[in-house]
Amino acid sequence: MSKKPFYITTPIYYPSGNPHIGHCYTTVACDSIARYKRMQGYDVMFLTGTDEHGLKIEQKAAEKGITPKAYVDEIVETFKKLWKYMNIDYDRYIRTTDDYHVESVQKIFKELYDRGYIYKGEYSGKYCTPCESFWTDSQLDENGCCPECHRPVAFAKEEAYFMKMSPFADRIEKLLLETDYLRPKTRATELVNNFIKPGLEDLCVSRTTFKWGIPVSFDDKHVVYVWIDALSNYITALGYLNGAYTDFDKFWPADVHMVAKDIMRFHAIIWPAMLMALDIPLPKHLAVHGWITFNGEKMSKSLGNVVDPFVLGERYGCDAIRYHILREMALGADSSFSNEIMINRINSDLANGFGNLVSRTVAMADKYFGGTLPSERETDAVDEDFKSVILGLLPAVDAEMEETKIKQALEEIFKAVDRANKYIDETEPWKLGKDETKKARLAAVLYNLLDSIRVISALLSPFMPTVMPKVWEQIGASAEDVEYGKLGTFGVLPENVTVHKGEILFPRIDVEKEIEELNSLIQKNMDEAKSNLSSEEKGETAEPIELAPEISIDDFAKVELRVAKVTECEKVKKSSKLLCLQLDDGMGGRQVVSGIAKYYKPEDLIGRKIQFVANLKPCKLCGVDSNGMICAADTADGPKVIFVDDSIPVGTKIR
Ligand code: MSP
């Protein structure tokens, strides 16, 4: 019988800098799902790759004095090295500079044009020169400036091709609200209200101001702009409109596209629209996860807060890192990275929980029976509950994995680990070992433990593929014993199984010492990362600072800056950029709206003291009253709120 196909994809990454632990999450998650599906007997296609065109790459290459292709070639090697290091078993790697992809994208663009969905027009609007981006009025920040860099924008025009989006609005709304496409589904309403209800805007799909892109085949002044090039990778990699591969019919539609929240909109709206326009069936699921944050901010190279996965992997092994990020991140939510949480998690779950279960069991089988269990058995009522927990594990993990809930699947497995450790406490095998008349009972207990480890380790193997084969070696399990078809059965290991004492699977880490070392290493890394950035990326302005005209002290006195404490904070409905904050300002309280929603979550601000302009004329932003303005530093990575020392009372004037 031929195997059922299963197709899963990561986003294709921008090779504009070296990958960090934030990039690892999606890839490790997809790899675990792919491995789980392979274990279940599916014919899996797991695709990842790199998105190599665009202005940023063109600029970075020019800075280095090399061609864009030479620039990306080097970084793509680091990505591939990392995936090898993290034991990522992808089936195909696409580079958008691959000839077959270029050929398909040109044909897709032409097809959309011929079908009347792409037309030539003029992009006019507010243009930010440093970011080379057009913005609509509704996208500008609260000061009418660029929402990315917060610098002033100017009106500009440029010839461009556009893709019509409105013909697909109704079908996309249904897709989001009435099907299981988007996971978690809770985000569907936000997408519909923010983008579809106000009227889907046509999408700019070509540019003439840079060259590093795929030329439009019938108008080579233009290059294909970002999303048609990038999103098409999911089908061109299967051979859609090219001769490089022939498995489009087998693997399409994709079972799961996994992405982080910042690119959800493109995958939830633009990608379905493109497929509808091409008459191609839609993917089955879009799984959206949050960001790995560091000190409350998205981990990103330009913030200098990147955590190097090579450094962590070297210290704890790639499985521990894989486990940590998978166990911390729930679909949809952000997950904050901290050395403490990581080390405590490795110690509690892997060293004490699972590792200890394996080493204790194997050591006892070795000590009391010379490694090989005898045939005599004596069962006890206490065995039944334990066995039923192990028998229930496979369906529980299957159910979570079916819904791409990796964190929950791991929680189920670790409940079984806890149950097995509890079984050791209940049966006290070290006491049985001292009593010659209890050998048959001891053999039964150790067999049950070994067989539970067989099931647990097999189910853990898609998530921690490097260590589990070592466990199988230690508990004497053969490759057949850990096959998926045998995980719903108890008593699979041979009656006279032989164990082999081996290395400690997850050594316990000395928390204090390790954190100290790690912090200094990561600090070094950050310093290095920062020193490698251009001054603009560091948040410094590349151009000489031009001061505004001089003012007198009286002019300055007109601006009343004061200290306040944020007591409540929530997102402004209908806006992806605005937060509405309630301030304790020492004057009875006030409400202020601030355009920092992309950079701060309400919980990052609640309870913190900030500096604000207290005598600014009230205004309405997105229909919400705002009485004042929160002060923030205008960095290249967006606004950084000026937090004030907690000891300063609210209402205090700042001069
Ligand atoms: N090239 C586009 C994707 C095109 S897909 C057709 C892109 N590339 S990216 O390299 O900037 O980001 C790739 C993915 O990594 C995105 O889903 C992004 O959100 C994710 N992450 C980057 N930093 C991250 C964290 N700190 N945490 C979790 N995911 C992060 O966008």
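The structure contained in this document is the topic of the report that follows. (Residues numbered from 1 in each chain as written. Predicted model: local features only at pLDDT ≥ 70, side-chain atom pairs only at ≥ 80, totals over all residues. Heavy atoms only, no water.)

As a matter of local geometry, the ligand sits amid 23 residues, with I12, D51, A260, D262 and I292 nearest to it. Within the backbone of Y14, one N or O atom sits 3.0 Å away from an oxygen atom of the ligand. Across the complex, the protein chains shield 95% of the 660 Å² of accessible surface that the ligand would expose by itself. The set of elements that each furnish at least two residues to the shell around the ligand consists of strand 1 (5–13), helix 1 (21–40), helix 7 (227–231) and helix 8 (233–236). Residue composition of the shell around the ligand, by class: 13 nonpolar, seven polar and three charged. (Near = heavy atom within 4 Å. Polar contact = N/O pair within 3.5 Å; in protein donor to acceptor, adjacent residues only side chain to side chain. Areas by Shrake-Rupley, 256 points an atom, 1.4 Å probe, with all protein chains shown as cover. Helix = DSSP H or I, 4+ residues; strand = E, 2+ residues; numbered from the N terminus. Nonpolar A, V, L, I, M, F, W, Y, C, P; charged D, E, K, R; others polar.)

Moving on, we come to unusual backbone geometry. Outside of glycine, negative phi angles account for most residues, and trans bonds account for most peptide bonds. Cis rather than trans, the peptide bond between R183 and P184 has omega equal to 0°. Relative to the elements of secondary structure, P184 occurs in the loop between strand 7 (182–183) and helix 6 (188–196). Following W252, the chain continues into P253 via a peptide bond in cis, with omega recorded as 5°. Among the structural elements, P253 can be located in the loop between helix 9 (248–251) and strand 11 (256–260). Although it is not a glycine, V226 adopts a positive phi angle of roughly 40°. By the element assignment, V226 lies in the loop between strand 10 (223–224) and helix 7. Positive phi values are uncommon outside glycine, yet C622 reaches one of about 55°. Looking at the secondary structure, you find C622 in the loop between strand 20 (619–621) and strand 21 (624–626). Overall, C622 belongs to the partly exposed group, its relative accessible area being 43%. (Buried < 20%, exposed > 50% of the residue type's maximum accessible area, 1.4 Å probe, protein only.)

On to helix 2 (residues 55–64), then. Among the residues of helix 2, L55, I57, K60 and A61 are the ones counted as buried. A positive phi of about 75° marks G65, the residue just after helix 2.

A few words on the sheet that holds strand 5 (residues 133–135). Read from one edge to the other, the open sheet built from four strands follows the order 5-4-6-8, with strand pairing classed as antiparallel. Each of the sheet's edge strands pairs with one partner strand only, and the pair in question is strand 5 and strand 8 (203–204). Of the strand pairs in this sheet, strand 4 (residues 118–128) and strand 5 are connected by three bridges, and their pairing is antiparallel. When the sheet's bridge partners are listed, Y127 is paired in strand 5 with F134. (Pairing = 2+ DSSP bridges.)

Turning our attention to the environment of E512. In this fold, E512 is placed in helix 19 (residues 511–532). With a relative accessible area of 69%, E512 lands in the exposed category. As a C-alpha pair, E512 and I343 span 169 residues in sequence and 9.7 Å in three-dimensional space.

Turning next to the packing of helix 14 (residues 381–402) against helix 15 (residues 406–427). When two helices pack together, their arrangement is given by the angle between their axes and by how far apart the axes lie. Contact pair helix 14 / helix 15: the axes reach a minimum separation of 9 Å and the direction vectors enclose 170°. Accordingly, the angle class assigned to the pair helix 14 and helix 15 is roughly antiparallel. Contacts from V382, D383, D385, F386, V389, I390, L393, A396, V397, E400 and M401 in helix 14 reach I406, Q408, A409, E412, I413, A416, R419, A420, Y423, E426 and T427 in helix 15. When its residues are assigned to classes, the contact of helix 14 with helix 15 shows 14 nonpolar, two polar and six charged. (Axes fitted to C-alpha atoms, helices over the stretch in contact; angles between N-to-C directions. Parallel < 35°, antiparallel > 145°, perpendicular 65-115°, else oblique. Contact = heavy atoms within 4.5 Å.)

The final tally for this structure, using the stated rule, is 26 aromatic pairs. Centre to centre, the rings of Y85 and F310 are 5.2 Å apart; their planes meet at 50°, and the pair counts as tilted. On the criterion of sequence distance, the pair formed by Y85 in helix 3 (residues 68–85) and F310 in helix 11 (residues 309–316) is long-range, its members being 225 residues apart. Taken together, a centroid distance of 5.7 Å and an interplanar angle of 85° make the contact between Y161 and F218 edge-to-face. Here F218 lies in the loop between strand 9 (206–207) and strand 10 and Y161 lies in strand 6 (residues 154–163), a separation of 57 residues in the sequence. The partly exposed category is assigned to F218, whose relative accessible area is 28%. Clustering of aromatic rings is evident, with ring pairs tying together Y7, Y234, Y240, F248, F251, W252 and W271. Positioned over the ring face of F310 is K81, at 5.1 Å from the centre of the ring. Its end group placed over the ring of F643, R608 keeps NZ or CZ at 3.7 Å from the ring centre. (Phe/Tyr/Trp six-rings, centres within 6.5 Å; stacked < 30°, edge-to-face > 60°. Lys NZ or Arg CZ within 6 Å of the ring centre and 35° of its normal.)

Before going further, it helps to spend a moment on the environment of S576. Looking at the element boundaries, S576 is found in the loop between strand 16 (561–571) and strand 17 (579–584). Between the alpha carbons of S576 and N194 there is a distance of 7.7 Å; along the sequence they are 382 residues apart.

For helix 3, with 18 residues, the first-to-last C-alpha span of 26 Å sits near the 26 Å given by 1.5 Å per residue. In the core, the buried residues of helix 3 are packed alongside strand 1, helix 1, strand 2 (43–50), helix 2, strand 3 (92–95) and helix 11. Immediately downstream of helix 3, the backbone of N87 shows phi near 55°, a positive value. (Expected span 1.5 Å × (residues − 1).)

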